[in-house]
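# Breakdown of the fold
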Amino acid sequence: MITRREARQQAFSLIFEKSFQNLPLEDLLAGASDSRDLEADEYALSVVRAVQEHLYEIDDIITKHSVKWKIDRLSKVSLAILRLAIAEITFVKEVEEPVAINEAVELAKIYGGEEDPSYINGVLGGYVRSMAIDTENNKE
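Residues numbered from 1 in each chain as written. Predicted model: local features only at pLDDT ≥ 70, side-chain atom pairs only at ≥ 80, totals over all residues. Heavy atoms only, no water.

## Notes on the overall build of the protein
- Regarding its fold elements, the protein presents 7 helices and 0 strands.
- Ordered by position in the sequence, the α and β elements of the protein form the string α-α-α-α-α-α-α.
- Expressed as a percentage of its 140 residues, the buried residues of the protein come to 44%.
- Contacts spanning at least 24 positions in sequence make up 69% of the contacts within the protein whose residues lie at least 6 apart. (Helix = DSSP H or I, 4+ residues; strand = E, 2+ residues; numbered from the N terminus. Buried < 20%, exposed > 50% of the residue type's maximum accessible area, 1.4 Å probe, protein only. Contact = heavy atoms within 4.5 Å.)

This is how it looks when you write it as structure tokens:
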């Protein structure tokens, strides 16, 4: 059994790979299994499926909350991390929002550039705040 953090890293890896090879998830898994001896975790798969099923909606969220950069100008690492975190927050919902944001920032520290952690934190923080405002407005 792997930890949730390890499952998240698997999901990131698969989402990142998909940005280079537009293959079905099963084919990505087969390639990852052959080259890295990857035994896919069910949580990781649920996140990757959520990204695949809701890609346009997720990318719209990124576009809306990305103040400095257009989505096509983001590094593939940043884009994969943002897609992962937004899928967790919006569609998987097995993790609390602050945890998803923190984990995304940690992934950015490992895999991203120097400015990626603060950028990712800002985009995700803006998204979560907008969700809270929308929820509050719907109560009124």
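Back to the write-up after that little detour.
## What about the packing of helix 1 (residues 4–18) against helix 3 (residues 42–53)?
- For the pair helix 1 and helix 3, interaxial distance at closest approach is 8 Å and the crossing angle is 35°. The handedness of the crossing between helix 1 and helix 3 is right-handed. For the pair helix 1 and helix 3, the contacting residues are Arg4, Ala7, Arg8, Gln10, Ala11, Leu14, Ile15 and Lys18 in the first and Tyr43, Ala44, Val47, Val48, Val51 and Gln52 in the second.
- Classifying every residue of the contact of helix 1 with helix 3 by side-chain character gives 9 nonpolar, 2 polar and 3 charged. (Axes fitted to C-alpha atoms, helices over the stretch in contact; angles between N-to-C directions. Left-handed = near helix turned anticlockwise from the far one by under 90°. Nonpolar A, V, L, I, M, F, W, Y, C, P; charged D, E, K, R; others polar.)

## A word on the layout of surface pockets
- Within this model, the largest pocket holds a volume of roughly 290 Å³.
- What lines the largest pocket is a set of 14 residues, among which Lys68, Trp69, Glu115, Asp116 and Tyr119 lie closest to the centre.
- No other element matches the 5 residues that helix 7 (residues 116–139) contributes to the lining of the largest pocket.
- By volume, the second largest pocket is sized at about 160 Å³.
- In this structure, the second largest pocket is lined by Ile15, Lys18, Ser19, Asn22, Val48, Val51, Gln52, Leu55 and Arg83.
- Going through the elements one at a time, helix 1 and helix 3 are the ones with two or more residues in the lining of the second largest pocket.
- A per-class count over the lining of the second largest pocket returns 4 nonpolar, 3 polar and 2 charged. (1 Å grid on protein atoms, 1.4 Å probe; cavity = no way out; pocket = protein on both sides within 12 Å on 5 of 7 lines; lining within 4 Å. Points joined across faces, edges and corners; volume = space filled by probe spheres on them.)

## Comments concerning the packing of aromatic side chains
- Under the definition given, this model contains 3 aromatic pairs.
- Taking 5.8 Å as the distance between ring centres and 25° as the angle between the ring planes, the aromatic pair formed by Phe12 and Phe16 counts as stacked. On the criterion of helical spacing, the pair formed by Phe12 and Phe16 is a turn pair, its members being 4 residues apart in helix 1.
- In this structure Phe12 comes out as buried when scored by relative accessible area, which is 5%.
- Relative accessible area serves as the criterion here: at 25%, Phe16 is assigned to the partly exposed category.
- Among the aromatic residues, those joined into a ring-pair cluster are Phe12, Phe16, Phe20 and Tyr111. (Phe/Tyr/Trp six-rings, centres within 6.5 Å; stacked < 30°, edge-to-face > 60°.)

## Focus: helix 6 (residues 97–111)
- Taking 1.5 Å per residue as the helical rise, helix 6 with its 15 residues ought to reach 21 Å, and the 21 Å between its terminal C-alpha atoms agrees with that figure.
- What helix 6 keeps buried is the set Ala100, Ile101, Glu103, Ala104, Val105, Leu107 and Ala108. (Expected span 1.5 Å × (residues − 1).)

## Re the nonpolar core
- Of all hydrophobic cores here, the largest spans 42 residues; its most connected members are Val47, Ile81, Leu82, Ile120 and Leu124.
- Secondary-structure elements contributing two or more residues to this core are helix 1, helix 2 (25–36), helix 3, helix 4 (55–65), helix 5 (76–92), helix 6 and helix 7.
- Element by element, the count of residues in this core is highest for helix 5, at 11 residues.
- Once residues lying within four places of it in the same chain are set aside, the contact partners of Ile120 are Ser78, Ile81, Leu82, Ala104 and Ala108. (Core = buried A, V, L, I, M, F, W, Y, C linked by side-chain atoms within 4.5 Å.)

Function cannot be read off these values alone, since they describe shape.
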